[in-house]
Amino acid sequence: MSEESPGAAPSSGVDGEARSRWTDERTTFQRVYDIVTTLSTYETVSEIAEQASCSTDGARDALSQLDEMGIVETRGSRPVEYRRNEAYFRWKRIEDLARDHTPNELRAQIDDLIQEDDTLQQRFDAPSPDAVSPHEFEDVDHETIHDRWDALSRWRSIRHDIEVLQQAAHRAEQRRDTSDTASA
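Residues numbered from 1 in each chain as written. Predicted model: local features only at pLDDT ≥ 70, side-chain atom pairs only at ≥ 80, totals over all residues. Heavy atoms only, no water.

Visitor: How should the packing of aromatic side chains be read in this particular structure?
Guide: Each aromatic ring pair is characterised by the separation of its centres together with the angle its planes make. Applying the stated criterion across every chain yields a total of 4 aromatic pairs. Look at tyrosine 88 and phenylalanine 89: their rings are 5.0 Å apart centre to centre, the planes differ by 90 degrees, and that puts the pair in the edge-to-face class. A relative accessible area of 14% means that phenylalanine 89 is categorised as buried. In this structure an aromatic cluster arises from ring pairing among Tyr88, Phe89 and Trp91. (Phe/Tyr/Trp six-rings, centres within 6.5 Å; stacked < 30°, edge-to-face > 60°. Buried < 20%, exposed > 50% of the residue type's maximum accessible area, 1.4 Å probe, protein only.)

Now the structure itself:
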């Protein structure tokens, strides 16, 4: 269910033409937004400006707006540092799911994930991915270790997705109830 940023900046490995097109076709605000949606660690205004191919003042103005909108978190004062606000993006994902799917569609997805979660609980004989014993990784070959790490990573994602989908289903029900009340 992970979602990539819609207008994410071309990575540094991409040729200069793609980066130039990104710079030409997006406003300073859009480029700064693209950059901050990828930031899991705090960065300064000048670091963000460099990545967004804009002036420090342009980045500062955009970041100020993004801060007011709750899209970024700040830390410190000299220099102020910014990163994406995970709570905002979680809320946005829930709202998007609730808008784009019916409560029944969301519940069906939840049921599928719960089945997968049950399968992983049985596979690892543990109630959660964090309860898996380190002994699972002893005396096994590299491929088996890799397979088990992938399964544990998937299991954590499933747990996260179940929570998000449950909140989205609840939100979709609220939307439906509000819509029913308004039309009555």
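Visitor: I'm lost on the pattern of salt bridges in this one. Help?
Guide: Side-chain pairs of opposite charge can arise whenever the charged atoms involved come near each other. In this structure the tally under the stated criterion is 18 salt bridges. A salt bridge links arginine 21 to glutamate 17; the shortest N-O distance between them is 3.7 Å. Of this pair, arginine 21 and glutamate 17 both sit in helix H1 (residues 16–25), 4 residues apart, roughly one helical turn. Taken together, the shared-partner salt bridges connect Lys92, Asp96, Arg99 and Asp100 into one network. (Salt bridge = Lys/Arg side-chain N within 4 Å of Asp/Glu carboxyl O. Helix = DSSP H or I, 4+ residues; strand = E, 2+ residues; numbered from the N terminus.)

Visitor: Whenever I open this one, the pairing of strand S2 (residues 72–75) confuses me. Can you help?
Guide: Strand residues, when the strand is regular, have side chains that alternate between the two faces of the sheet. The sheet contact formed by S2 and strand S3 (residues 81–84) spans 4 bridges and is antiparallel. Along S3, the bridge assignment pairs valine 72 with arginine 84. (Pairing = 2+ DSSP bridges.)

Visitor: How should the sheet that holds strand S1 (residues 43–44) be read in this particular structure?
Guide: Hydrogen bonds between backbone groups are what pair the strands of a sheet, and the pairing can be parallel or antiparallel. In spatial order, the strands read S1-S3-S2; together these 3 strands make up an open sheet with antiparallel pairing. The sheet is open, and its two edges are formed by S1 and S2, each paired on a single side.

Visitor: What should I look at first to understand helix H3 (residues 45–52) in this one?
Guide: Note that an α-helix has 3.6 residues per turn; residues three or four places apart therefore point the same way. When we look at burial in H3, the residues that qualify are Val45, Ile48, Ala49 and Ala52. End-on view of H3: buried residues confined to an arc of 105 degrees, all on one side of the axis. Packed against the buried residues of H3 are H1, helix H2 (28–36), S1, helix H4 (56–68) and S3. One or two steps after H3, the chain reaches serine 53, where phi turns positive at roughly 55 degrees. (Arc of directions from axis to C-beta. Contact = heavy atoms within 4.5 Å.)

Visitor: Just to check I follow, could you spell out the nonpolar core for this structure?
Guide: A general tendency of soluble globular proteins is for nonpolar side chains to be buried together. Counting residues in hydrophobic clusters, the biggest one holds 21 residues, and the most contacted among them are Leu106, Phe124 and Trp155. Elements supplying a minimum of two residues to this core: helix H5 (86–100), helix H6 (103–124) and helix H7 (142–183). Considering every element that reaches this core, the biggest residue donor is H7, with 10 residues. Residues contacting phenylalanine 124, with those up to four places away along its chain left out, are Val132, Glu136, Arg148, Ala151, Leu152 and Trp155. Counting residues in hydrophobic clusters, the runner-up holds 20 residues, among them Tyr33, Ala59, Val72 and Phe89. (Core = buried A, V, L, I, M, F, W, Y, C linked by side-chain atoms within 4.5 Å.)

Visitor: Any chance you could explain the side chain of glutamate 43 here in plain terms?
Guide: Along the chain, the position of glutamate 43 falls in strand S1. An unpaired buried charge is present at glutamate 43: no salt bridge exists, and arginine 75, the closest side chain of opposite charge, is 10 Å distant. One polar contact links glutamate 43 to glutamine 51, side chain to side chain, over a distance of 2.5 Å. Glutamate 43 has contacts with Ile48, Gln51, Val80, Glu81 and Tyr82, leaving out every residue within four places of it along the chain. (Lys, Arg positive; Asp, Glu negative; His and termini not counted. Polar contact = N/O pair within 3.5 Å; in protein donor to acceptor, adjacent residues only side chain to side chain.)

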